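Fold and geometry: a report
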Amino acid sequence: MVNLIIDGKNVTVPEGTSIMDAAFSIGVPVPHLCFLKEINEIAACRVCIVEVEGNDKFVTACNNEVEEGMVVYTNSPRVRLARRRTVQMILSQHDCKCATCVRSRNCSLQTLANDLNITDTLYEERLEIQEWDKTFPLIRDSKKCIKCMRCVQVCDKIAGLGIWTLEGTGARSTINVSGARTIAEADCSLCGQCITHCPVGALKERDDTEEFLRAIADPKKVVVVQVAPAVRTAWGEGLGLDLSEATVGKIFDSLKKIGVDYVFDTAFSADLTIMEEASEFIARFSNGELAEKPMFTSCCPGWVRFLKSNYPHLTGQLSSAKSPMQMFGAVMKTHFAKEIGVAPEDIYSVAIMPCVAKKGERNMEFFHEEYAGYDTDCVLTSRELIRMIKAFHILPETLEDAEPDHLFHDVTGAGIIFGATGGVMEAALRTAYHSLMGENCPPDAFKVVRAESQKTGLTEATFSLKDTNLRIAVVNGLANTRKLMEEIDRGEKKYDFVEVMACPGGCVGGGGQPIHDGEELAFARGKNLYFLDANAKVRHSHENPDIKTLYENYFGTPNSHKAHNVLHTDHFAWEMPKSPRRDRNGYIVRERCV
């Protein structure tokens, strides 16, 4: 243990503790911008400076450890003046049009400037302007970038992709897409973790709310909206609603107030996905197709993009089942359109998702009988939903629990847990068990696949089903996935079925969820989904009454010819940019600039 004094208070902390953590332990927060614990501890912003007796120079608190007898001042006159000057310098290179920024009132730089009572710009404004493809789902505004390096470190350490890099030196330093590529040319998975970890508004998703509102205003369009399971765990955070108050029914009510025609729960099509994916797995496993390499889940578009750019030779191992979002859109434009007597092209299918990659997945084309178009016409993130509710001046306290519309009303606990890492695997195993054993397993029989924190990025298990040992793995976070894929590719690990989710914690930690700077809420949100599952009336996908009716009236059986035409996809129909060359640790080998 180390003894020191911080702002006149005696502190005792373990050796190796940073000055910042030591101060926080006694309720003294040290302001910072670039710091992310265990991810970005490089003191790039120099906002966390403190004064240490006996040291003429300021010391950065985030990456300097405590020492015995150290006397620290976190808020001395010298520190306050220097910190104000640093922030004013950062502001001179930041577009301060806060009124039109999506991160206004949720911006670390804005908060810090207000806290420091900065009311003027001391230095001349010099903004960097880079061109950007505004049609791409991920948008970067160079005028707002503060060069904190968070996006670079997050992409390297969490996503393992190295999409971002630091270019130039000194005042000319900037963040750009690595390898002299445009963002469209890069192998970006669109996980959106760089967005949720950016302290300002330099990174954001493409906003599609106006396109959605134009469809509502079009009298020819029948607007149908689905809401993903993970959205219900987080949307209340942006509206000041307690978790118990922020029900999915209130999301349905808000959407009806905005003007949509039909609202549905994506947990329904998650159940549909399980019926197709579990049936496909049993068939491929029984036929010996998985003897060498496992079948991979295909519901996470960030993961699919990652595999197709980094391990394209394994594309055939993906389940051919569409994601729940795409399945729902396909059902909307086939069976549902016929049931309500509307032409498929007049159905406007909208998905509220916790994910930026879903905006890219939306571009996948759908061909069935006479209809050619898209399964999904528009994807909005949880953040876009929150902004729309505010734009329509809907008071959260006036919202009531509304039911989803009929035909696709019923959902199960298995469909709800799709939004958490391990949820897809657990739901699939419940139904696979029933198919193989002829009876239901206890709903929590496979809960070992659940992850409680990011430290358990990989979960492995073996289950005995009908005298067969079934080897499975569940992994979340693409850096963890890369390590696992290398082991699978080299034949060091053998599995039959693998679930992959690009984001830490799964969809609940998606790149489209509300942002809380410096906090990771994914696993707490995931626990809420498991709570809803535990309290659901029906917990097995194959027991969903509306799913049974859909098969009886339209598809016949899982993996039937019609089901394949509507609910499955060809992963070879499109390509991703190939990943650049990497070293043995998985990091991009960058060309040296001369």
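Everything below is about the structure printed above this text.
Bear in mind the structure is a predicted one, so any value in this text is a computation, not a measurement.

Inspection of the entire model under this criterion finds 19 aromatic pairs. Here the aromatic rings of Trp132 and Trp164 are separated by 6.0 Å at their centres, their planes lie at 20°, and the arrangement is stacked. Pair noted here: Trp132 is in the loop between helix H3 (108-115) and strand E6 (138-140) and Trp164 is in strand E7 (residues 164-167), with a separation of 32 residues, a long-range link. An aromatic cluster of three or more residues is present, and its members are Tyr262, Phe264, Phe268, Phe328, Phe336 and Phe408. A cation over a ring is seen here: Lys308 above Trp574, with NZ or CZ 4.6 Å from the ring centre. Here the guanidinium or amino end of Arg362 rests over the ring plane of Tyr374, the centre of that ring lying 4.1 Å away.

Turning our eyes to something else, we now look at empty space enclosed by the protein. Applying the stated rule across the entire model yields 4 cavities of 30 Å³ or more. The calculated volume of the largest cavity comes to roughly 310 Å³. At the level of secondary structure, the elements contributing two or more residues to the lining of the largest cavity comprise helix H8 (266-286), helix H9 (301-310), helix H10 (324-340) and helix H11 (357-361). Split by residue class, the lining of the largest cavity holds 19 nonpolar, 5 polar and 1 charged.

The next subject is the state of the cysteines. Inspection of the entire model under this criterion finds 0 disulfides. In this structure Cys151 is not part of a disulfide, and its nearest cysteine sulfur, from Cys145, lies 6.1 Å away. Using a relative accessible area of 12% as the deciding quantity, one classes Cys151 as buried. Unpaired in terms of disulfides, Cys299 finds its nearest cysteine sulfur in Cys507, a separation of 6.6 Å.

Quick look at the layout of surface pockets now. By rolling a water-sized probe across the atoms, one finds the places where empty space is left. The computed volume of the largest pocket comes to approximately 1500 Å³. Leu36, Lys37, Gly518, Glu519 and Glu520 are, among the 49 residues lining the largest pocket, the residues nearest its centre. Mapped by element, the contributors of at least two residues to the lining of the largest pocket are helix H1 (19-25), H3, helix H4 (150-159), helix H5 (193-197), helix H15 (478-489) and helix H16 (522-534). Of the residues in the lining of the largest pocket, the class split is 20 nonpolar, 17 polar and 12 charged. Two domains share the lining of the largest pocket, each providing at least three of its residues, namely domain 1 (2-92) and domain 2 (208-567). Its boundaries defined by the atoms lining it, the second largest pocket holds a volume of some 740 Å³.

Criteria and cut-off values
- Residues numbered from 1 in each chain as written.
- Predicted model: local features only at pLDDT ≥ 70, side-chain atom pairs only at ≥ 80, totals over all residues.
- Heavy atoms only, no water.
- Phe/Tyr/Trp six-rings, centres within 6.5 Å; stacked < 30°, edge-to-face > 60°.
- Helix = DSSP H or I, 4+ residues; strand = E, 2+ residues; numbered from the N terminus.
- Lys NZ or Arg CZ within 6 Å of the ring centre and 35° of its normal.
- 1 Å grid on protein atoms, 1.4 Å probe; cavity = no way out; pocket = protein on both sides within 12 Å on 5 of 7 lines; lining within 4 Å.
- Points joined across faces, edges and corners; volume = space filled by probe spheres on them.
- Nonpolar A, V, L, I, M, F, W, Y, C, P; charged D, E, K, R; others polar.
- Disulfide = S-S within 2.5 Å.
- Buried < 20%, exposed > 50% of the residue type's maximum accessible area, 1.4 Å probe, protein only.
- Domains from an automatic or database assignment.

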